[in-house]
Amino acid sequence: MKPMRTLVAACLAFSALGAIPGQAQEAPPRPSNLLRPLTLPAPADSAAPAKPAANAENTGDASSSAAPNEPVVAVKPCEQGLPVLRSPLAFKPGELLEFDMDAMGAKAGKLTMRVQRPANGSLPVLVEAQTNTLFSKVRRVRGSATSYLHPKTLRPSRYTEEAVENEQRRKVNVDFGAQDKSVKVDYQIGDRPKGHFNYAFDKDGLDVAGAIYLIRQLPLKKDLPVCFDVYGIRRMWRLTAWHLSGTAVRLDRPSQTRDVHVWITDDERRLPLAAVGAIDLGAVRLTLSGVTRPGEKPMAAQGKEDLKW
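Residues numbered from 1 in each chain as written. Predicted model: local features only at pLDDT ≥ 70, side-chain atom pairs only at ≥ 80, totals over all residues. Heavy atoms only, no water.

K.L.:
Which residues make up the overall build of the chain, and what values do they have?
P.N.:
Looking only at helices and strands, the chain features 2 helices and 17 strands. Counting across all 309 residues of the chain, residues that qualify as buried make up 54%. For the chain, restricting intrachain contacts to residue pairs at least 6 apart in sequence, the fraction spanning at least 24 positions comes to 58%. For the chain, the accessible area works out to roughly 14,200 Å², and carbon and sulfur atoms hold 52% of it. (Helix = DSSP H or I, 4+ residues; strand = E, 2+ residues; numbered from the N terminus. Buried < 20%, exposed > 50% of the residue type's maximum accessible area, 1.4 Å probe, protein only. Contact = heavy atoms within 4.5 Å. Areas by Shrake-Rupley, 256 points an atom, 1.4 Å probe, with all protein chains shown as cover.)

Structure representation (structure tokens):
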């Protein structure tokens, strides 16, 4: 899977959602409470990854430009900004989260998220992903991303990605302007000329890695709507969610939408247990397999299907 999409699928689980071309869609409220451990279906036992779906709707290259005849439609703005975050933080420097990645019905690789020590007024979060030997026959990927968060507000000042897919290197640097709500994206793919995008966010601008840690601090409650803009795959998306299950709409191309599903424990740790979504190759699932926190005994998931912490 493409390195940037790997990180997006892992952190926010962007998946396909049938959308009317040129029309932004808003997800209906989900009445069920997802803030609890869950049981997930096991991936299919296959000797090799299945072939990509031939006509999976809306799971193609989310970084592509709109078609010349595609209508331009404005995305509905967030009705309100994010609520005041809970304190104290549910995590601290040294916390390591380990995830197993399933894609196309087979084990695809590993992903880790690590909270770094504060530096230069920021709280860095490092995400690293790598495909395993089996999935590398389809796509060989290894990459990392770092989100530089404000230690109190958890808003990003900078976000970087560096990945190699089938020996082609990709680099991205994103700067967030808190005052003018700007998002400046500089990127380079292989030996191609460097590219640049200028975006602006509405009320809150996040990145795909840091968003997970901010979500862990939200005062979540039944029917609480959550809306913010998030950077991913060289684009900006507006995510509207209920109970961490909602819809992300690409700001410059509303026909591109992704469902978002993230499960978080309802204790003080607010651990991200799982993320489910889809990419251009098919279904993707991330499940938390191990947790290491300073001063605590390392933990591992009990069993392959039941997440018990």
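K.L.:
Explain the state of the cysteines residue by residue, including any values.
P.N.:
This model, assessed by the stated rule, comprises 1 disulfide. Between the sulfur atoms of C78 and its disulfide mate C227 the distance is 2.0 Å. Taking the torsion about the sulfur-sulfur bond, which here is approximately -70°, the covalent link between C78 and C227 counts as left-handed. Taken together, the positions of C78 in the loop between β1 (15–16) and β2 (96–103) and C227 in strand β11 (residues 225–232) put the pair 149 residues apart, joining distant regions of the chain. Looking at C227, the relative accessible area reads 12%, which means it is buried. (Disulfide = S-S within 2.5 Å.)

K.L.:
Summarise the pairing of strand β7 (residues 168–177); cite the residues concerned and give the values.
P.N.:
Here strand β6 (residues 156–165) runs beside β7; their pairing, made up of 8 bridges, is antiparallel. Looking at the pairing, A163 lines up with R170 of β7. Linkage of β6 to β7, two consecutive antiparallel strands, is achieved through a turn of 2 residues, within which N166 is found at a positive phi near 50°. As paired elements, β7 and strand β8 (residues 182–189) share 8 bridges and run antiparallel to each other. Among the inter-strand pairings, R170 is bridged to a residue of β8, identified as I189. Count of turn residues in the β7/β8 antiparallel hairpin: 4 residues, of which K181 carries a positive phi of about 55°. (Pairing = 2+ DSSP bridges.)

K.L.:
Residues and numbers for the side chain of R170, please.
P.N.:
Relative to the helices and strands, R170 resides in strand β7. Side-chain polar atoms of R170 contact the side chain of Q168, separated by 3.3 Å. (Polar contact = N/O pair within 3.5 Å; in protein donor to acceptor, adjacent residues only side chain to side chain.)

K.L.:
Describe in detail the environment of V260, supporting the description with residues and values.
P.N.:
Among the structural elements, V260 can be located in strand β14 (residues 257–264). The class for V260 is buried, based on a relative accessible area of 4%.

K.L.:
Summarise the pattern of salt bridges; cite the residues concerned and give the values.
P.N.:
This structure, assessed with the given rule, holds 12 salt bridges. Across the pair E95 and R293 runs a salt bridge, and its minimum N-O distance is 2.6 Å. Here the residue E95 occupies a position in the loop between β1 and β2, and R293 occupies one in the loop between β16 (282–292) and β17 (299–300), the gap between them amounting to 198 residues. R293 matches E95 in its accessibility class, with the two residues each being buried. A salt bridge links D229 to R238, with the nearest nitrogen and oxygen atoms 2.7 Å apart. Per residue, the accessibility class of D229 equals that of R238, and both read buried. What you see here is one network of salt bridges that share partners, running through E95, R216, R293 and E296. (Salt bridge = Lys/Arg side-chain N within 4 Å of Asp/Glu carboxyl O.)

K.L.:
Explain the confidence of the model for the chain residue by residue, including any values.
P.N.:
With 68% of its residues at a pLDDT of 70 or more, the chain has an overall mean of 75. Low pLDDT (under 50) marks residues 1–60, which in the prediction has 185 contacts with non-local residues, meaning those over four places away or in another chain. In the predicted structure, residues 305–309 sits below a pLDDT of 50 and forms 21 contacts with residues beyond four places in sequence or in another chain. (pLDDT = per-residue confidence, 0-100.)

K.L.:
So what's going on with unusual backbone geometry? Which residues, and what values?
P.N.:
With an omega of 0°, the peptide bond between S87 and P88 qualifies as cis. Following the sequence through the fold, P88 ends up in the loop between β1 and β2. Despite not being glycine, K181 shows a phi value in the positive range, around 55°. Secondary-structure assignment places K181 in the loop between β7 and β8. Of the residues examined, K181 reaches a relative accessible area of 32% and is grouped as partly exposed.

K.L.:
Explain the nonpolar core to me, using residue names and the numbers behind them.
P.N.:
In this structure, Y213 and F228 are the most contacted members of the largest nonpolar core, which totals 61 residues. In terms of residue count, the dominant contributor to this core is helix α2 (residues 208–215) (7 residues). The residues touching F228, leaving out its near neighbours within four places in the chain, are C78, L82, D204, L206, A211, I215, W237, R238 and L239. (Core = buried A, V, L, I, M, F, W, Y, C linked by side-chain atoms within 4.5 Å.)

K.L.:
Before we move on, can you summarise the packing of aromatic side chains with the specific residues and values?
P.N.:
Taken as a whole and assessed by the stated rule, the structure comprises 4 aromatic pairs. Look at F91 and Y213: their rings are 4.9 Å apart centre to centre, the planes differ by 80°, and that puts the pair in the edge-to-face class. Linking F91 in the loop between β1 and β2 with Y213 in helix α2, this pair joins segments that are 122 residues apart in sequence. Look at F91 and you get buried, because its relative accessible area is 4%. Connected via pairs of aromatic rings, a cluster forms that spans Y187, F197 and Y199. Across the ring face of Y187, the terminal group of R234 is positioned such that the distance to the ring centre comes to 4.7 Å. (Phe/Tyr/Trp six-rings, centres within 6.5 Å; stacked < 30°, edge-to-face > 60°. Lys NZ or Arg CZ within 6 Å of the ring centre and 35° of its normal.)

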